[in-house]
Amino acid sequence: DYDYDIKIAKAPSNVTCELFNGKGKTATFSPPNIAVVCTPKYYNITGTVSGLVAAGLVVANGNDRIEIPANATTFTMTRNGTDGKQLAGANSGQVGDGYTYSLAVLTQPATGTCSIANPVGRMGPADVTNVAITCN
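Model, not experiment: these values are computed from the prediction. Residue numbering note: each chain is counted from 1, following its sequence as written. Where local features are concerned, this predicted model is filtered to residues with pLDDT of at least 70; where side-chain atom pairs are given and counted, the filter is 80 or more; whole-chain, interface and lining totals use all residues. As a rule here, side-chain values cover all heavy atoms of the structure and leave hydrogens and water aside.

(A) Expanded view of the environment of Arg 122. Helix and strand labels come from DSSP, where a helix needs a run of H or I of at least four residues and a strand needs a run of E of at least two; each type is numbered from the N terminus. Structurally, Arg 122 can be placed in strand E15 (residues 120-122). C-alpha of Arg 122 to C-alpha of Thr 100: the two residues are 22 residues apart in sequence and 4.1 Å apart in space. Throughout, a residue-residue contact means that at least one pair of heavy atoms, one from each residue, lies within 4.5 Å. Arg 122 has contacts with Gly 98, Tyr 99, Thr 100 and Tyr 101, leaving out every residue within four places of it along the chain. Polar contacts, as used here, are pairs of N or O atoms within 3.5 Å; protein pairs need one atom able to donate a hydrogen and one able to accept it. Residues neighboring in sequence count only if both atoms are side-chain atoms. Among the polar contacts made by the side chain of Arg 122, one reaches the main-chain carbonyl oxygen of Gly 98 at a distance of 2.6 Å.

Written as structure tokens, this is what we have:
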């Protein structure tokens, strides 16, 4: 029999890794069922909203969508929802470290039009805070 005790020495800074079946005893030279699963660290996309006086503004990042309420001054796309209203069937909007994001106005509000400044980028190791939605 052979004892084994495997540990993750150091994971990359942009992911969280978990080791499964890393310790045990085996009668062969290859321990069975050992796995390392790494998932990205996720961060929010946040920003300011100005001039939004009517309901109906829907902002999307791929399949992630939120409706930002009338008179909102900020928005946050988070893993578990938003200060806006997360649309049915849509995921929330966090983005993994190292992944790209591209925000777009999916639906304009009932009155006026909105545009997004700084809508595209690559998520780093912190929330994105420089997005600005301006409506007129």
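(B) Layout of the side chain of Glu 67. Looking at the secondary structure, you find Glu 67 in strand E8 (residues 64-68). Of note is the side chain of Glu 67, whose polar atom sits 3.4 Å from the backbone nitrogen of Gly 56.

(C) Representation of the confidence of the model for the protein chain within the structure. Confidence scores labelled pLDDT are given residue by residue by the predictor and lie between 0 and 100. Here the protein chain shows a mean pLDDT of 86. Residues at 70 or above account for 88%. No element of the protein chain has a lower mean pLDDT than strand E10 (residues 81-82), at 43, and none a higher one than strand E14 (residues 114-117), at 98. Contacts for the low-pLDDT stretch residues 80-84, under 50 throughout, to residues beyond four places or in other chains number 15 contacts. Note that residues 87-91 has pLDDT below 50 and, in this model, 10 contacts with residues that lie over four places away or in other chains.

(D) Main features of unusual backbone geometry. A positive phi angle, close to 60°, is found at Asn 21, a residue other than glycine. By the secondary structure assignment, Asn 21 is in the loop between strand E2 (15-20) and strand E3 (23-26). Burial here depends on accessible area, computed with a 1.4 Å probe over protein chains only, as a share of the maximum for the residue type. Under 20% is buried, over 50% is exposed, and the range in between is partly exposed. Judged by relative accessible area, which is 46%, Asn 21 ranks as partly exposed. At Asn 71, a position not held by glycine, the phi torsion is positive, near 70°. Within the secondary structure, Asn 71 sits in the loop between E8 and strand E9 (74-78). Classification of Asn 71 as exposed rests on a relative accessible area of 56%.

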